[in-house]
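Listed below, chain by chain, are the residues.
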Amino acid sequence: MTPRQPAERLHHHAYVVKDQEATRHFYEEILGFPLVATWCEVENVRGRERTYCHTFFELADGSALAFFQFIDPADEEELFLDSGSSLNHVALASTAEQQLAAQAALNAAEIAHRTIDHGYCTSLYVSDPDGLTLEFTVDA
């Protein structure tokens, strides 16, 4: 008998942002992911008490993309991951129709993106307002 995997599905992917409103506009109004939760809390994060607000945008399977904005700019600078020069990204499984709809929404908003046929999948890549790369992937 094969051991069970330790997780069923993605619950959420978390990312620190600089401007929650710009993030909300991009994910909710341009791409169409519904905002399903927003709240603020004070928590001990990596040895210091920090105040932050986080938002969750739901995917079709109930998982979410989550974004954290810290009240103290020093906390943001410490915990922000600059993905602009890295390969860090979130790849989302899409149908061809969903990928075309995302492309149309990005075109309408005049947001730069690119599509690459990798052979095993076709991927549409776009960076969000904080530089996180999203990949909308359609398997071959």
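Relevant structure appears above.
The notes below deal with the structure included here. (Residues numbered from 1 in each chain as written. Predicted model: local features only at pLDDT ≥ 70, side-chain atom pairs only at ≥ 80, totals over all residues. Heavy atoms only, no water.)

**Notes on the sheet that holds strand β1 (residues 12–16)**
If you walk across this open sheet you meet the four strands as β1-β4-β3-β2, and the pairing is mixed. Unpaired on one side and paired on the other, β1 and β2 (35–45) mark the two borders of the sheet. Averaged over all pairs of adjacent strands, the angle between strand axes in this sheet comes to 25°, irrespective of strand direction. Relative to strand β4 (residues 64–70), β1 is paired through five bridges, and the arrangement is parallel. Each bridged residue has a counterpart across the sheet, and for A14 the counterpart in β4 is A66. Lying over the sheet, helix α1 (residues 20–30) contacts β2, β3 (48–58) and β4, oriented at roughly 15° with respect to β3. (Pairing = 2+ DSSP bridges. Helix = DSSP H or I, 4+ residues; strand = E, 2+ residues; numbered from the N terminus. Axes fitted to C-alpha atoms, helices over the stretch in contact; angles between N-to-C directions. Contact = heavy atoms within 4.5 Å.)

**Some thoughts on unusual backbone geometry**
In this structure, R46 is a non-glycine residue whose phi angle is positive, near 50°. Considering the arrangement of structural elements, one finds R46 in the loop between β2 and β3. One non-glycine residue with positive phi stands out, namely E110, at about 55°. Position of E110 among the secondary structure elements: in the loop between α3 (96–108) and β6 (114–117). Look at E110 and you get exposed, because its relative accessible area is 75%. (Buried < 20%, exposed > 50% of the residue type's maximum accessible area, 1.4 Å probe, protein only.)

**Focus: the side chain of Q20**
Relative to the helices and strands, Q20 is located in helix α1. Of the residues examined, Q20 reaches a relative accessible area of 12% and is grouped as buried. A polar contact is formed between the side chain of Q20 and the side chain of T55, at a distance of 3.0 Å. When residues no more than four places from it in sequence are discounted, the contact partners of Q20 are C53, H54, T55, F67, F68 and Q69. (Polar contact = N/O pair within 3.5 Å; in protein donor to acceptor, adjacent residues only side chain to side chain.)

**What about α3?**
Over its 13 residues, α3 runs 18 Å from end to end, which matches the ideal 18 Å to within 8%, given 1.5 Å per residue. What α3 keeps buried is the set Q99, A102 and L106. Along α3, the residues classed as buried sweep out an arc of 60° about the axis, all on the same side. Exposed residues on α3 whose side chains face more than 90 degrees from its buried face are E97, L100 and A108. Tucked inside the fold, the buried residues of α3 contact α1, β7 (121–127) and β8 (133–139). The first or second residue beyond α3 is E110, which carries a positive phi of 55°. (Expected span 1.5 Å × (residues − 1). Arc of directions from axis to C-beta.)

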